[in-house]
Amino acid sequence: KRYLSQSALTDVNMTFPAHGFVSIVGPSGCGKSTLLNIIGGIDHDYQGKIMLDGKEVKSLPGVLRVTMIFQSYHLIHYLSNLHNIHLYDDFHQTKFPDYNNKMMEGFQKVPVTKLSLGQRQRVAILRALYPEPDIILCDEPTASLDAQNKALVMNALKEISHNALVIFVSHDRH
């Protein structure tokens, strides 16, 4: 993957399990988010191919349910927190049960524009968990969280990794 004359990813070859927790750690600017964008089908402008079970696929989201926890949350400010979490329902007929409302205790009715960064992060995480994905792509998902909420999120992701693939990127080895 290149951005103009800048190489972001070169000679990347990875194999992931069907489920489990995979961490990718590296310094800022080394291509971690770019890699997630390619895996998640957001970025289509790259050389190479994505293989699934030995067959080339144009985009994993076309074959599997893939969600992403973004660094910058991407919440829709005029929607309620619950509607942001259930945004999947606006585009698909399947509905899922709520995963873990403990992450939203105390701010369910607070407008998105009034949420702290940590609260916004938790809404974004719940949105990614809601549609019971096959793959969850996590781009620094705990960066805005205090220790207690970081532990809550990490435990939720670890539990989900028993049935789904969680790919977690961070610059922080801890």
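Just above, that's the structure.
Everything quoted here is computed from the prediction, not taken from an experiment.

Quick word on the environment of leucine 157
So, step 1. Mapped onto the elements of the fold, leucine 157 is located in helix H4 (residues 147–160).
So, step 2. Assessed through its relative accessible area of 0%, leucine 157 is described here as buried.
So, step 3. When the C-alpha atoms of leucine 157 and aspartate 146 are compared, they prove to be 16 Å apart, with 11 residues separating the residues in sequence.
So, step 4. Ignoring sequence-local partners within four residues, the contact set of leucine 157 consists of Phe21, Ile69, Leu129, Cys138, Val166 and Phe168.

Looking at helix H1 (residues 32–39)
So, step 1. Among the 8 residues of H1, 7 are classified as buried, and the element is accordingly described as predominantly covered.
So, step 2. If you check which residues of H1 are buried, you get Lys32, Thr34, Leu35, Leu36, Asn37, Ile38 and Ile39.
So, step 3. Those residues of H1 that are buried are in contact with strand S1 (2–3), strand S3 (20–25), strand S4 (50–52), strand S6 (66–69), strand S7 (135–139) and strand S8 (165–170).
So, step 4. Residue glycine 41 follows H1 closely and has a positive phi angle near 80°.

Structural notes on unusual backbone geometry
So, step 1. Here histidine 74, not a glycine, exhibits a phi torsion of approximately 55°, which is positive.
So, step 2. Taking the relative accessible area as the measure of exposure, histidine 74 reaches 47% and is therefore partly exposed.
So, step 3. With a phi angle near 50°, glutamate 140 is a residue other than glycine that sits in the positive phi range.
So, step 4. In this fold, glutamate 140 is placed in the loop between S7 and H4.

Topic: the side chain of aspartate 89
So, step 1. Considering the arrangement of structural elements, one finds aspartate 89 in the loop between helix H2 (81–85) and helix H3 (117–129).
So, step 2. Classification of aspartate 89 by relative accessible area gives buried; the value is 15%.
So, step 3. If sequence neighbours within four positions are ignored, aspartate 89 has contacts with Thr94, Lys95 and Tyr130.

Let's talk about the pattern of salt bridges
So, step 1. A complete count under the given rule lists 1 salt bridge for this structure.
So, step 2. Notably, a salt bridge pairs lysine 1 with aspartate 43, separated by 3.1 Å at the nearest N-O pair. With lysine 1 in the segment before S1 and aspartate 43 in the loop between H1 and S4, the pair connects residues that are 42 residues apart, well separated along the chain. Aspartate 43 shares its class with lysine 1; the two are buried.

Cut-offs and rules
- Residues numbered from 1 in each chain as written.
- Predicted model: local features only at pLDDT ≥ 70, side-chain atom pairs only at ≥ 80, totals over all residues.
- Heavy atoms only, no water.
- Helix = DSSP H or I, 4+ residues; strand = E, 2+ residues; numbered from the N terminus.
- Buried < 20%, exposed > 50% of the residue type's maximum accessible area, 1.4 Å probe, protein only.
- Contact = heavy atoms within 4.5 Å.
- Salt bridge = Lys/Arg side-chain N within 4 Å of Asp/Glu carboxyl O.

Read these as layout, nothing more, since geometry by itself doesn't imply function.
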